[in-house]
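Close look at the chain arrangement
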Amino acid sequence: MWPRLREAPLGAEPCRTMAGRALLALLLLLAQPAWAPDPYGEECRSKMYPPSGPTFKGNIPTYVINLDLPPSRRWDDLMRDKKTELKTVVQNIKDIANTFFPSGKVVDIVDNKIAHLTATLPYPFNEELQGIANSSGIPLGEIVIFNIFYEIFTVCTSIVAEDKTGKLYHARNLDFGLFLGWDVKNNSWTLTRELKPLVVLLDFQRNNKTVFKSTNFAGYIGMVSGVKPNLFTLTMNERFSLDGGYVGIFEWFLGRRDGMWMGFLTRTVLENATSYQDAKDRLAKTRLLAPAYFILGGRNSGEGCVITRSRTAALDIWDLDIKKGSWYVVETNYDRWKPPLVLDNRRGPAMKCLNQTTQENLSLPAIYDVLSTKPVLNKLTVCTTLMEVYNGHTETYLRECPDPCSPW
C-alpha cells in the first residue's frame, strides 16, 4: 500500500519533504517481489459511462483558436480566462525548482536566459509563446519551461481499437505530475490537482472551419491528444530512455537544434498532414528532441498503430492486424517487446479489460470503462479523452482516483 507518511515538522521545506516521501514510496514499491499482486488492482469496471460518481471530476470548456490571427494573438481569449490558474501551476514548478536549488539561480536562468532562446524556436511557435507571456503576464522564460515539462513528465495510457464493423476508436488517460510534489493532506500529487482547471478542448479553425481539435492544457502550445476530422486521431506518450528528453533539451540549450519538440511535431502533423499515411510518415521520420510513442488512428479498417521512437528513428511500428486477431493496440510508457516495471503495470490491466470487453462489444463507453479501472486510472490521471475520427468527435472528462489508489 502507499505508505501513510507523517506530516513534516514545523518549519520544514514542504516540497523537499514531499519529494523525499515520494522517493521513499518508490523504494518501498521497488522492494516488492516481481510476483507480488498489484495492491491497487481491481476487477474491470463496467457501466461507468456516462461519467458520474467519485471518479468524475467535471467537464471541460471549449475555446476556438483562430489560425487566421497573428500567432501572438491566437491565445488571448484563453489566457484571459485561464491566466490565474496558469500562474498557480507555474509558481508550483518554481517552488519545486527552488527546493532543490535554494539559491534561486535556476529560476533566474529561466527568466533571463531561456527567454532569449525562444527566438530559436520555429515559427509560429516562438511568436505564440511570446503572445501567451504577454497575455498572461507570466515571464516568457517561465512559459517556455511550462511547455518543456510535457517533453519529460507525461505518463499516459493510449488505446486504438477497431470494432467488428471496422469502426475505429481512440482514447487515452492523460497522467501528469510524477514526483512533482506529493500533498500528504489530500493524498494526491500537487501538480496533477492544479492542472485540472487548465484542461480545455481547443478547436483550431481556419476560415471559420475546424482544421483539428485537441484536448490540452491552457498555456501549452504543443498537442498531446488530437483529432483531424475524417482523417486521423493522434495521442503522444512519453518514452523512458537513457537517451531521453533531458539529453535533447540540453543539446537545444547548447545550440544543436535539428531535433523537433514532440508537442510541436504533433501540432504540425495535426495541422498539415493530409492523410493517415502522411501523418504516419511524418511521425516516424522526423528527428526529435525526446524519444516518444505516437499512437495514431485512421478512418479505415486496420488504420491504427503505435510508433516507438528514439530521437533519431522509428524503432518499431506496431499496426492493427485484424486478420490475425490484433484488433487493438495499447501503449503506456514501455516498449511493447519489454515487460513494464512491476511497480507500474498499466498495460496488463488495460489489455485484460479490453479482452474481457471483446471486439463485438467495443464502444467508446466500453473503453471509458477500461480507462476507469485501477491502476489504469491512478493518482496521476488528470483526464480521460475519447475520440472518433468521424466528424472529429472528441469528449474529455476530468478524473479523480479515490483511495485506495495507485500513486501512478
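Scroll up to find the structure this text is about.
Definitions and limits used
Residues numbered from 1 in each chain as written. Predicted model: local features only at pLDDT ≥ 70, side-chain atom pairs only at ≥ 80, totals over all residues. Heavy atoms only, no water. Helix = DSSP H or I, 4+ residues; strand = E, 2+ residues; numbered from the N terminus. Buried < 20%, exposed > 50% of the residue type's maximum accessible area, 1.4 Å probe, protein only. Contact = heavy atoms within 4.5 Å. Areas by Shrake-Rupley, 256 points an atom, 1.4 Å probe, with all protein chains shown as cover. Salt bridge = Lys/Arg side-chain N within 4 Å of Asp/Glu carboxyl O. Expected span 1.5 Å × (residues − 1). Bend = angle between axes of the 7 residues up to and from the residue.

Quick look at the overall build of the protein now. A count of helical and extended segments in the protein gives 11 helices and 16 strands. Here the protein holds 408 residues, and the buried ones make up 59% of them. Put simply, of all contacts in the protein between residues at least 6 apart along the chain, 68% involve residues at least 24 apart. Of the roughly 16900 Å² of accessible surface on the protein, 55% is carried by carbon and sulfur atoms.

Its place among the elements puts E128 in helix α4 (residues 125-136). Overall, the relative accessible area of 0% leaves E128 in the buried class. Residues contacting E128, with those up to four places away along its chain left out, are P71, R74, W75, I221 and R267.

In total, this model carries 21 salt bridges according to the counting rule given. Residue R239 is joined to D335 by a salt bridge in which the shortest nitrogen-to-oxygen separation is 2.8 Å. Within this pair, whereas R239 is found in the loop between β10 (232-238) and α7 (245-254), its partner D335 is found in the loop between β14 (328-331) and α10 (347-357), the two being separated by 96 residues in sequence. The residues R239 and D335 share a single accessibility class, namely buried. Between R267 and E271 there is a salt bridge, and its shortest N-O distance comes to 3.6 Å. With R267 and E271 both in helix α8 (residues 262-272) and 4 residues apart, the pair spans about one turn of that helix. Side by side, R267 and E271 carry an identical accessibility label, which is buried. One salt-bridge network, in which partners are shared between bridges, spans R74, E128, R206, R267 and E271.

Turning our eyes to something else, we now look at unusual backbone geometry. With an omega of 0°, the peptide bond between Y49 and P50 qualifies as cis. By the element assignment, P50 lies in the loop between α1 (14-30) and β1 (56-59). For the bond running from D403 to P404, omega is -5°, close enough to zero to count as cis. With respect to the helices and strands, P404 occurs in the segment after β16 (393-399).

A few words on α10. Among the residues of α10, those classed as buried are R347, P349, A350, C353, L354 and T357. Just downstream of α10 lies T358, where phi reads positive at about 75°.

Spanning 25 residues, helix α2 (residues 76-100) covers 34 Å between terminal C-alpha atoms, matching the ideal 36 Å at 1.5 Å per step. Along α2, the helix axis deviates most sharply at K82, where the bend reaches about 65°. Buried residues of α2: D76, L78, M79, K82, L86, V89, V90, N92, I93, I96, A97 and T99, and no others.

Distances and angles like these do not, on their own, reveal function.
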